[in-house]
Amino acid sequence: MEPQKKLLMIVNPRAGRSKPRGPLYDAAAALCDAGYLLRIHRTTAAGDAARIAAQEGGDYDTVVAVGGDGTLNEVISGIQTLKIPPAVGYLPQGSTNDFAASLEIPSDPVQAAEAIVRGQRRQLDIGRFGERIFVYVASFGAFTRTSYTASQDVKNALGHFGYLLESLRDLDTLRPYRVRITADGETLDGEYLFGAVANSTSIAGMMKLEREEVILDDGLFELLLVPHPQNAAELQNLIWALLNQQYNSGGLIFRHVSALHVETDEDLPWSLDGEYEPSQPTVDITNCQRALTMLL
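Residues numbered from 1 in each chain as written. Predicted model: local features only at pLDDT ≥ 70, side-chain atom pairs only at ≥ 80, totals over all residues. Heavy atoms only, no water.

## Digging into the overall build of the chain
So the rule is basically this: Helix and strand definitions here come from DSSP, where helices need a minimum of 4 consecutive H or I residues and strands a minimum of 2 consecutive E residues; each element is numbered from the N-terminal end. The buried label goes to any residue with under 20% of its type's maximum accessible area, the exposed label to any with over 50%, and the partly exposed label to all in between, with areas taken from a 1.4 Å probe on protein chains only. What sets the accessible areas is the Shrake-Rupley method with a 1.4 Å probe; for residues, cover comes only from the shown protein chains.
The helix and strand inventory of the chain stands at nine helices and 17 strands. Every one of the 296 residues in the chain was classed for burial, and the buried ones make up 51%. Surface summary for the chain: the accessible area is close to 13,500 Å², and the carbon and sulfur share equals 48%.

## Some words on the pattern of salt bridges
Our working definition: The term salt bridge refers to a pairing of a side-chain nitrogen on Lys or Arg with a carboxyl oxygen on Asp or Glu at a separation within 4 Å.
Evaluated as defined, the whole model comprises nine salt bridges. In this structure, the salt-bridge partner of Arg39 is Glu56, at a minimum N-O distance of 2.6 Å. Of this pair, Arg39 sits in strand 2 (residues 36-42) while Glu56 sits in helix 2 (residues 48-56), and the two are 17 residues apart along the sequence. Residue classification places Arg39 among the partly exposed residues on the basis of a relative accessible area of 36%. Since its relative accessible area comes to 18%, Glu56 is described here as buried. Among the charged side chains, a salt-bridge network with shared partners connects Arg178, Arg180, Asp189 and Glu263.

## With respect to the nonpolar core
A general trend in soluble globular proteins is that nonpolar side chains are found buried together. For clarity, the cut-off: Within this scheme, the nonpolar core is defined by two criteria: the residues are buried Ala, Val, Leu, Ile, Met, Phe, Trp, Tyr or Cys, and they are joined through side-chain atoms within 4.5 Å. Residue contacts follow a heavy-atom distance rule, with two residues in contact if any of their heavy atoms lie within 4.5 Å.
Judged by nonpolar contacts, the single largest core of 62 residues is most densely connected at Leu91 and Met294. Residues contacting Met294, with those up to four places away along its chain left out, are Val88, Gly89, Tyr90, Phe99, Leu103, Ile105, Gln120, Arg121, Arg122 and Leu124. Counting 23 residues, the second-largest nonpolar core is a separate cluster that includes Ile181, Val197, Val257 and Leu268.

## Focus on the pairing of strand 12 (residues 221-227)
Under the convention used in this document: Strand pairing is assigned whenever DSSP detects at least two bridges linking the two strands.
Among the seven residues that make up strand 12, seven are buried, leaving the element largely enclosed by the rest of the structure. Alternating residues of strand 12 divide into Phe221, Leu223, Leu225 and Pro227 and Glu222, Leu224 and Val226, and every residue in both groups is buried. Across six bridges, strand 9 (residues 186-198) lies against strand 12 in antiparallel orientation. Bridged to Ala196 within strand 12 is Leu224. Note: strand 12 against strand 13 (residues 253-257), five bridges, orientation antiparallel.

## Description of helix 5 (residues 109-118)
Within the span of helix 5, buried status applies to Pro109, Val110, Ala112, Ala113, Ala115 and Ile116. Tucked into the core, helix 5 has its buried residues touching helix 1 (22-33), strand 3 (62-67), strand 4 (87-92) and strand 17 (282-295). Looking at the residues trailing helix 5, positive phi occurs at Gly119, about 25 degrees.

## Here we look at unusual backbone geometry
If you check the backbone angles, Asp184 has positive phi at about 50 degrees while not being a glycine. Note on placement: Asp184 falls in the loop between strand 8 (177-183) and strand 9. We note that Gln245 has phi near 55 degrees; this positive angle belongs to a residue other than glycine. Its place among the elements puts Gln245 in the loop between helix 9 (232-243) and strand 13.

## With respect to helix 3 (residues 69-79)
Where burial is concerned, most of helix 3 is hidden: eleven out of the eleven residues are buried. Along helix 3, the residues classified as buried are Asp69, Gly70, Thr71, Leu72, Asn73, Glu74, Val75, Ile76, Ser77, Gly78 and Ile79.

## A few points about the packing of helix 2 against helix 3
Put simply, the rule is: Only the stretch in contact is used when fitting a helix axis, every axis being a line fitted to C-alpha atoms; angles between N-to-C directions are given from 0 to 180 degrees. To sort the angles, those under 35 degrees are grouped as roughly parallel, those over 145 as roughly antiparallel, those from 65 to 115 as roughly perpendicular, and the leftovers as oblique. Crossings are assigned a handedness: left-handed for a near helix turned anticlockwise from the far helix by less than a right angle, right-handed for a clockwise turn. The residue classification treats Ala, Val, Leu, Ile, Met, Phe, Trp, Tyr, Cys and Pro as nonpolar and Asp, Glu, Lys and Arg as charged. All others, Gly included, are polar.
Following both chains from N to C, one finds helix 2 and helix 3 inclined at 30 degrees, their axes separated by 7 Å at the closest point. Judged on the interaxial angle alone, helix 3 and helix 2 are roughly parallel. The interaxial crossing formed by helix 2 with helix 3 has right-handed handedness. Two secondary-structure elements touch here, helix 2 through Asp48, Ala49, Ala50, Ala53 and Ala54 and helix 3 through Thr71, Glu74, Val75, Gly78 and Ile79. Looking at side-chain class alone, the contact of helix 2 with helix 3 contains six nonpolar, two polar and two charged residues.

## Describing the environment of Ala27
When you line up the elements, Ala27 lands in helix 1. In this structure, the C-alpha to C-alpha distance between Ala27 and Ala113, residues 86 residues apart in sequence, is 5.4 Å. With sequence-adjacent residues up to four places away left out, Ala27 is seen in contact with Leu91, Pro109, Val110 and Ala113.

## A short note on the packing of helix 1 against helix 5
Closest axis-to-axis distance for the helix 1/helix 5 pair is 8 Å, and the angle between their directions is 20 degrees. Classified by the angle their axes make, helix 1 and helix 5 are roughly parallel. Between helix 1 and helix 5 lies a crossing whose hand is right-handed. Across the interface between the two elements, Pro23, Leu24, Asp26, Ala27, Ala30 and Leu31 from helix 1 touch Pro109, Val110, Ala113, Ile116 and Val117 from helix 5. Each residue belonging to the contact of helix 1 with helix 5 can be placed in one class, and the counts come to ten nonpolar, no polar and one charged.

So, in structure tokens, the structure goes:
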């Protein structure tokens, strides 16, 4: 008789609090029906998911993150400390689930659980930002700060991208950052409103890339830089290029790169998978090719 497969479900109860809990119960039941021996562990504070994944994940065949992209980031960060990381599943419950959208993981927990059960193992790239892991995006600049400070009501009314464009329209409120980036031998030295290093087709509802443009296991990130416009005409060109997803035009800088070295003398806050990361004068960002195994 085949040994029973063991699955650890790490649940962030604060994510998706407004959502009914019934579907999560049904998802857990579907995993049990598929032959998994299930353990559910709820988090109570930031950092819990990473600690639980690191301490207990090695005893399981599969670890499933239930929450938003921040919870997924913690779970993957935790299992990456293990000698043999287990496969990861994801039941997205947060307000932004960019990575789930990129991977076409259903937002309905039961459908997402059924996808885990059917489970094609797929190896994906992740990023290393200094000592930290990010699953799909590291970003800095105006939009990063906006996403922390905007009220959810405003974001819901305008849509996140609409809100960002509203904040772009006033040149006086834009805060450029002087940054020097060396990416695969090319140096990009300038003033940028925003920068993103990503392995995803969707970033903060702002950047949408075609699926053929983003290969999730090719060892390359997609790098987008939004330079600081010097006048209203340049600003209009930037907005047009962003709205029309023309990342190679309008003054935007778009590259496929495997590693970056970032230097700045400024206070440059970052966001890793939507979670705050304080400024560092220099940071190395590297692609860890096919380091993550997900059930998709």
